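Residue strings, one per chain:
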Amino acid sequence: SSYFASIKEIPPDPLFGLKARYTSDDRKDKVDLGIGAYRDNNGKPWILPSVREAEKRLVASPDFNHEYLGISGYEPFLRESSKVILGEQSVALKESRVVSQQSLSGTGALHLAAVFLKEFYTTESRSQPTVYLSAPTWANHRQIFSSLGLNVETYPYWNKESKSLDFSGYLDAIKKAPKNSIFILHACAHNPTGLDPTKEQWKTILHELSNRGHMALFDSAYQGFASGDLEKDAFALRYAVDSKLFKTPIVVCQSFAKNVGMYGERVGAVHVIPAEENKSLNSAIKSQLNRLARSEFSNPPAYGSKIVSLVLSDPDLRQKWHQDLITMSSRINEMRVRLRDLLTKELHTPGNWDHIATQSGMFSFTGLTPEMVERLEKNHGVYMMSSGRASVAGLNEGNVEKVAKAIDEVVR
Ligand code: PMP
């Protein structure tokens, strides 16, 4: 009808298009290395044992119900989520500088942060800040910020030739960016490259950012999932907060999709951390985040946040969860090493494949070209993003040899 005269159909999001092609493929030995969700050694979704136990306890509790949460979210969840990301001893927490709002997982946290910053974060020159994303980055980042009309730029990150960090390009971009820009930083397990700065590089990056008056916005979607160690995976973020380097606020967007395996339950939070103690500022920030939440989704999802706060706060469940993190991260790392070894030691595939073993987190940026990826899909039923990003969680003992042989074939 003429009411929608200007509407145009757009192609499906590449990731969901990939999923659809995978689903309709009837080859029995097809392999899904597309979506970033953990799979067990049988290729099946995995409910963490700590979560199973928490679910049993929660539902059995006489206090359990499906009432609305308050607009900020479930208070025990807000407390526990800020503690797990910032650390029990966090000075920012002790100084009550952390304003937390429950969100629709990590995506919702980023969106809420973006709406909030667009409205309230004014630069010294009174213009709107520019948002800087790593090149490449998680595809949704650009969409989240640019759909709000924010100016989005990129900073160099991945050096294609050396398959390592373009550190000098990164620092250069920090120096050249207009003062008070917002830098989106992957807290750990960079998506899609699986490549993180070293601790020393992080320190330099964060010092440069603060010197230039830029804001650090940490996207933390893989804490504990990357290395199995919650502290290690929060290093950069905690360094930024604890060092008190920044005069600008720090924003943390936190997801529990991967590390607690609560993908579809949408458990997350945004934490805004102003540099100075200021009660009335914190109350104002909280009230504005509440207003935005009210009009966007009104009440944060209750079920997942109750599960996550129980897992985080109960000593026995917490211990089980630490074990679950090790189960997931070590299975992924074993698959990385196995694939690298098959390619280099058994198949003698041309090229260097060490990066598959050294990258961390859910993804490997394989270095395969779009043509090779297409051939993998067509000839072998192995599905990955055309950028060459493979979700290592999709590998298991039953399919890793097949995948190695398929990669070997398309590379030669
Ligand atoms: N940031 C990054 C870098 C991610 O990889 C993801 C998950 N793919 C997210 C945020 C958010 O995911 P979710 O909304 O499911 O928490």
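All of these numbers come straight from a predicted model, not from anything done at the bench.

Undergrad: Looking at this structure, I do not really get the overall build of the chain. What am I missing?
TA: Broken down by element type, the chain carries 15 helices and 13 strands. Referenced to the eigenvectors of the C-alpha coordinate spread, the extents of the chain come out at roughly 65 × 60 × 55 Å. When the 412 residues of the chain are sorted by exposure, 43% land in the buried category. Nonlocal contacts in the chain, meaning residues at least 24 apart in sequence, comprise 74% of its contacts between residues at least 6 apart.

Undergrad: What's the story with helix α12 (residues 315-346) in this structure? I'm lost.
TA: Structural remark: α-helix, 3.6 residues per turn; residues separated by three or four positions point the same way. Here α12 contains 32 residues, and its C-alpha end-to-end distance of 45 Å stays within 8% of the 46 Å for a straight helix at 1.5 Å per residue. All of the buried residues along α12 are L317, W321, D324, L325, M328, S329, R331, I332, M335, R336, L339 and L343. On its buried face, α12 is in contact with α2 (49-60), α11 (302-313), α13 (354-358), β11 (363-365) and α15 (400-411). Phi for H348, located one or two positions after α12, is positive at around 50°.

Undergrad: Any chance you could explain the site of the ligand here in plain terms?
TA: Residues in contact with the ligand, as listed here, are G36, S105, G106, T107, W138, H186, N191, D219, A221, S255, A257 and G268. Residues of the shell around the ligand, tallied by class, amount to 3 nonpolar, 8 polar and 1 charged.

Undergrad: How should I be thinking about the nonpolar core in this particular structure?
TA: The nonpolar side chains of soluble globular proteins are, as a tendency, buried together. In terms of nonpolar packing, the biggest core is built from 109 residues, with A113, A216, L217 and V311 touching the most fellow members. The dominant element in this core, judged by the number of residues it contributes, is α12, at 8 residues.

Undergrad: Sorry, what's going on with the UniProt feature "domain: Aminotransferase class I/classII large" (unreviewed entry) in the chain here?
TA: Feature annotation in UniProt places "domain: Aminotransferase class I/classII large" (unreviewed entry) on residues 28-407, given in this structure's numbering. Note that residues 28-407 is 44% helix and 15% strand, and that its end C-alpha atoms are spaced 18 Å apart.

Undergrad: Help me understand the environment of W158, please; the structure alone is not making it clear to me.
TA: Among the secondary structure elements, W158 is positioned in strand β5 (residues 158-159). The spatial distance from the C-alpha of W158 to the C-alpha of L195 is 8.2 Å, given a sequence separation of 37 residues.

Undergrad: What should I look at first to understand the pairing of strand β4 (residues 151-156) in this one?
TA: For a regular strand, side chains alternate in direction, first toward one face of the sheet and then toward the other. Pairing between strand β3 (residues 130-135) and β4: 6 bridges, direction parallel. Looking at the pairing, L133 lines up with T154 of β4.

Undergrad: Sorry, what's going on with the sheet that holds strand β8 (residues 215-220) here?
TA: Strand pairing in a sheet is mediated by backbone hydrogen bonds. Such pairs are either parallel or antiparallel. As summarised here, the arrangement of the 7 strands in space is β2-β10-β9-β8-β7-β3-β4, forming an open sheet in which the pairing is mixed. Strand pairing shows two members of the sheet lacking a second neighbour, β2 (99-104) and β4, which therefore form its edges. Taken over all neighbouring pairs, the strand axes of this sheet differ in orientation by 25° on average, direction set aside. As judged from the 5 bridges shared by strand β7 (residues 182-186) and β8, these two strands associate in the parallel manner. Bridge assignment links I182 to a residue of β8, and that residue is M215. Here helix α3 (residues 75-86) sits on the sheet and contacts β2, β8, β9 (250-255) and β10 (267-273); the angle it forms with β2, its principal contact strand, is near 105°. Lying on the sheet, helix α5 (residues 105-120) is in contact with β2, β7, β8, β9 and β10; it crosses β9 at an angle near 155°.

Undergrad: Would you mind showing me how to read the packing of helix α7 (residues 167-176) against helix α8 (residues 199-211) here?
TA: For the pair α7 and α8, interaxial distance at closest approach is 9 Å and the crossing angle is 15°. In terms of orientation, α7 lies roughly parallel with respect to α8. For the pair α7 and α8, the sense of crossing is right-handed. Contacts from F167, Y170, L171 and I174 of α7 reach α8 at Q201, I205, E208 and L209. The residue inventory of the contact of α7 with α8, partitioned by class, reads 6 nonpolar, 1 polar and 1 charged.

The rules behind each value
- Residues numbered from 1 in each chain as written.
- Predicted model: local features only at pLDDT ≥ 70, side-chain atom pairs only at ≥ 80, totals over all residues.
- Helix = DSSP H or I, 4+ residues; strand = E, 2+ residues; numbered from the N terminus.
- Buried ≥ 20, exposed ≤ 12 C-beta atoms within 10 Å, placed from the backbone.
- Contact = placed C-beta atoms within 7 Å.
- Expected span 1.5 Å × (residues − 1).
- Near = placed C-beta within 6 Å.
- Nonpolar A, V, L, I, M, F, W, Y, C, P; charged D, E, K, R; others polar.
- Core = buried A, V, L, I, M, F, W, Y, C linked by C-beta atoms within 7 Å.
- UniProt positions renumbered as here; feature names shortened; annotations may be inferred.
- Pairing = 2+ DSSP bridges.
- Axes fitted to C-alpha atoms, helices over the stretch in contact; angles between N-to-C directions.
- Parallel < 35°, antiparallel > 145°, perpendicular 65-115°, else oblique.
- Left-handed = near helix turned anticlockwise from the far one by under 90°.

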